[in-house]
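Listed here are the chains, written in short residue letters.
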There are 2 protein chains.
Amino acid sequence: MSGLCEQLDPTKWAELLKNVETVIFDADGVLWLGMDAVPGSPAVVERLAAMGKQIIIVTNNSTKSRVDYEEKCQKLGFKSVKKENIVNPPVLCSELLQRSALTKRKIYLIGAQGLRDELAKTGFQYVGDGPDHFENYSETEFLYDVALDPEVGAVIVGYDNHFNYVKLMKAANYLRDPKCLFIASNEDSTFPGPNKDVTIPGTGALVAAVKVAAQREPLVMGKPHIATYNYIRAHWNIDPAKTLMVGDRCDTDIKFGIDNGMKTMLVLSGVHTLDDVEKYRKEDRKDLLPDFYAGKLGDLL
Amino acid sequence: MSGLCEQLDPTKWAELLKNVETVIFDADGVLWLGMDAVPGSPAVVERLAAMGKQIIIVTNNSTKSRVDYEEKCQKLGFKSVKKENIVNPPVLCSELLQRSALTKRKIYLIGAQGLRDELAKTGFQYVGDGPDHFENYSETEFLYDVALDPEVGAVIVGYDNHFNYVKLMKAANYLRDPKCLFIASNEDSTFPGPNKDVTIPGTGALVAAVKVAAQREPLVMGKPHIATYNYIRAHWNIDPAKTLMVGDRCDTDIKFGIDNGMKTMLVLSGVHTLDDVEKYRKEDRKDLLPDFYAGKLGDLL
C-alpha cells in the first residue's frame, strides 16, 4: 500500500485492474448522491461486473434495507448489483443481535426504515421508532421517570432525523444497565448530500451525544470497524491483496481498506477532498492516505 | 492542595474555615436538587455569610437567568445570596459576545430561558428558540437548503430539551462559516436531577453532537474552563489560596478549583461518588482529586 494518492486515468485504471479480483464500493458519494447516480458510475460498475470482477457494496447508511438498495441500484443503472452484494449496518446489527445471548429481546431503536426492516425480519421487537416530542411529557415525569420499557435489552443508534433530547435521555437511561448492549450503526460525522454547500450531520454526531450522556462506548458496526470486515470474510472469498476499496471518505472507507490490507482509491465526488488528504499527510495519518484517486468513478471510462 | 479526599466533620470544617476567605459553591447537587434545597445547605451558607466569608455561586446551569436564581435562593432559604453573587453561563456568554467584534449580531441559540434573558439584555437578537420539528420541513428542502438566517454571527449551545436533529443541522451549517463564533455554555455530561436512578443528559452531550457534525471546537464558558475564572477575577478580589471550591462533580467543580489554585471539597449529594474519586485516583488524575469531602453540606453543621 503506497498511500501516494496517485491520480488514475483510464490507462492506469486498466493496469491496476489486472491485479484486482474484488472491488468494494462505498455507495453515497461514490455511486450516487441523493436520488441521482454520479455520472459514469453505473457504466464503471457494470463494466467491472462484465469483466468478472467480484463487486461488493458496503455502505454505512442505515436508512434503507438491502431490498430498497437493490431497487435503487436497478433504477439508477447498476443492473448487476443484487441485494446479496450489499452490506449495510442494519444487516450487521441484525447478525450481531442473533449471535448475542440477549435475554431481553426488545431493542430501543434510534434509527430509520433500514434498521426497522432488518430487525423485523429477525424476530426482534423494537420501540422508540419515529417522532417522540418533548412536549408530550410533563417536566416532573421527565426528571423523575423516563418510562422505560423493562423488556429492552439493547440500544441501537443509527441515522434518525427524529433524533432529539427525549431519545437521547431514553437511550442513556436504558444504558445504565451494564447488560444492555450499546450498538452504533456507524460513526460518520457527516453525510454526503446532493448539495455540497449543506452539511448533513451523520450518525456519528448522534452517537457522540449518547456516548457522553451514557458514559459508555458502543460496538460500532460500520466501516472502518472490524465487524464489517468480519462479515465480508464470512460471506465472500476475498484476497485483500487483490481487493480494491473505493470510497469518498478517508476516515471510514480508506481507513477500512488500509486496516484490512486492501488497495484503496478515493473519489472526490463525495465528502473528502485532496486538501483533506494533504491535511492527513501532514498529520502523518498513514491509515487515511489512499493509494489512488479519481475525480469521480466516471473519469475512468 | 492535598488531593487526599479527607472526610470533614464539623470540627475539621471549623478548622479549615480559619484559612478561608471566599467560598465558591456549585448549585445543582450542592445547594439544591431540582426544586428542593439539599437539607442543611441553606443553614451552612447563611452561617458562612454571617461569619463574613465572601460567597460566590458558580453554576454551569444555563436554563435560568441570575434574577431567577436570586428568587430561587430566597425561596429555598439562601437569604444572603443576591444575583450579584451568581455566575452562570448566560452571563459569561453575554460578556464574551459584548467583547467580541461580531459584525453580524444575531445568535443562533440552542438553549433555554437563562440564555434568552441575558442575550435580550445585551442588545443581541437570537433565533432558533423553542421547538423546531423535523416534520415541518420537506425532505428536499432539508437536503438542499436549511434556510439559514444570513445575519447570524454566532452559535451558542446550552441546555435545551428541544434539542433535535434540525437544530443540530442548522448549527453545523452556520458553523461552516469560520467567522461564525461557536460558544458552548458548558460540557457537563449529565445533570444532577432529583432522582438518582434517572440520568439527565447534560449540555456536554448536545455540544458533542454539534462538535462532530461541524468538525469544530467551541469556546466553552462553564467550569472548569478559564472563562469562568477570568470572570471571577475581574469581578471579585479573591486570593485562590484562601478560597474553597465546593462541588458535586470532580471533572468540572474540583478540576476548576485545582486548576486555579484553590482548596477543594466534594459533596456526595450530586453526581459523583467516592467510587468515582477512587477511579480517578487509580488513573492518577490529580486534577480531579478533592482535598476534602462531606456527604452533604448539612453534615458540617
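Residues numbered from 1 in each chain as written. Chains lettered and ligands numbered in written order. Predicted model: local features only at pLDDT ≥ 70, side-chain atom pairs only at ≥ 80, totals over all residues. Heavy atoms only, no water.

Going by what an unreviewed UniProt entry lists, chain A is known as Phosphoglycolate phosphatase and is assigned to Plectus sambesii. Chain A has a UniProt comment under Sequence similarities (unreviewed entry) that states "Belongs to the HAD-like hydrolase superfamily." (UniProt positions renumbered as here; feature names shortened; annotations may be inferred.)

A. Layout of the overall build of chain A. Helices and strands together make up the secondary structure of chain A, namely eleven helices and 16 strands. Computed over C-alpha atoms, the radius of gyration of chain A comes to 20 Å, within 12% of the 19 Å expected from 2.2 N^0.38 for 301 residues, which places it in the range of a compact globule. Looking at chain A as a whole, 60% of its 301 residues are labelled buried. In chain A, the proportion of contacts linking residues at least 24 apart, taken out of those at least 6 apart, comes to 73%. A total accessible area of about 11,900 Å² is found for chain A, and carbon and sulfur atoms account for 50% of it. Looking at charge distribution, chain A has the averaged site of its 36 positive side-chain charges lying 4 Å from that of its 42 negative ones. (Helix = DSSP H or I, 4+ residues; strand = E, 2+ residues; numbered from the N terminus. Rg over C-alpha atoms; globule rule 2.2 N^0.38 Å. Buried < 20%, exposed > 50% of the residue type's maximum accessible area, 1.4 Å probe, protein only. Contact = heavy atoms within 4.5 Å. Areas by Shrake-Rupley, 256 points an atom, 1.4 Å probe, with all protein chains shown as cover. Lys, Arg positive; Asp, Glu negative; His and termini not counted. Charge placed at Lys NZ, Arg CZ, Asp CG, Glu CD.)

B. Here's a closer look at the pairing of strand E5 (residues 54–58) of chain B. Residues and elements named next belong to chain B. Counting buried residues along E5, four of its five residues qualify, which places the element largely inside the surrounding structure. The pairing of strand E2 (residues 22–25) with E5 spans four bridges and is classified as parallel. When the bridges of E5 are listed, Thr22 appears paired with Gln54. Where E5 lies against strand E6 (residues 86–87), two bridges are found, and the strand directions are parallel. Bridged to Val58 within E6 is Val87. Each parallel crossover has a hand, and for E5 linked through helix H3 (residues 66–76) to E6 it is right-handed. (Pairing = 2+ DSSP bridges. Right-handed = clockwise from strand over helix to strand, strands pointing away.)

C. Focus on the packing of aromatic side chains. Per the counting criterion, the structure on display carries twelve aromatic pairs over all chains. Geometrically, the ring pair formed by Tyr159 of chain A and Tyr165 of chain B is edge-to-face, given 5.4 Å between the ring centres and 75° between the ring planes. Taken together, the positions of Tyr159 of chain A in the loop between strand E9 (152–157) and helix H7 (165–174) and Tyr165 of chain B in helix H7 (residues 165–174) put the pair across two chains. Here the two residues Tyr159 of chain A and Tyr165 of chain B agree in accessibility, since each one is buried. Judged by centre distance (6.0 Å) and plane angle (70°), the rings of Trp32 of chain B and Phe78 of chain B are edge-to-face. (Phe/Tyr/Trp six-rings, centres within 6.5 Å; stacked < 30°, edge-to-face > 60°.)

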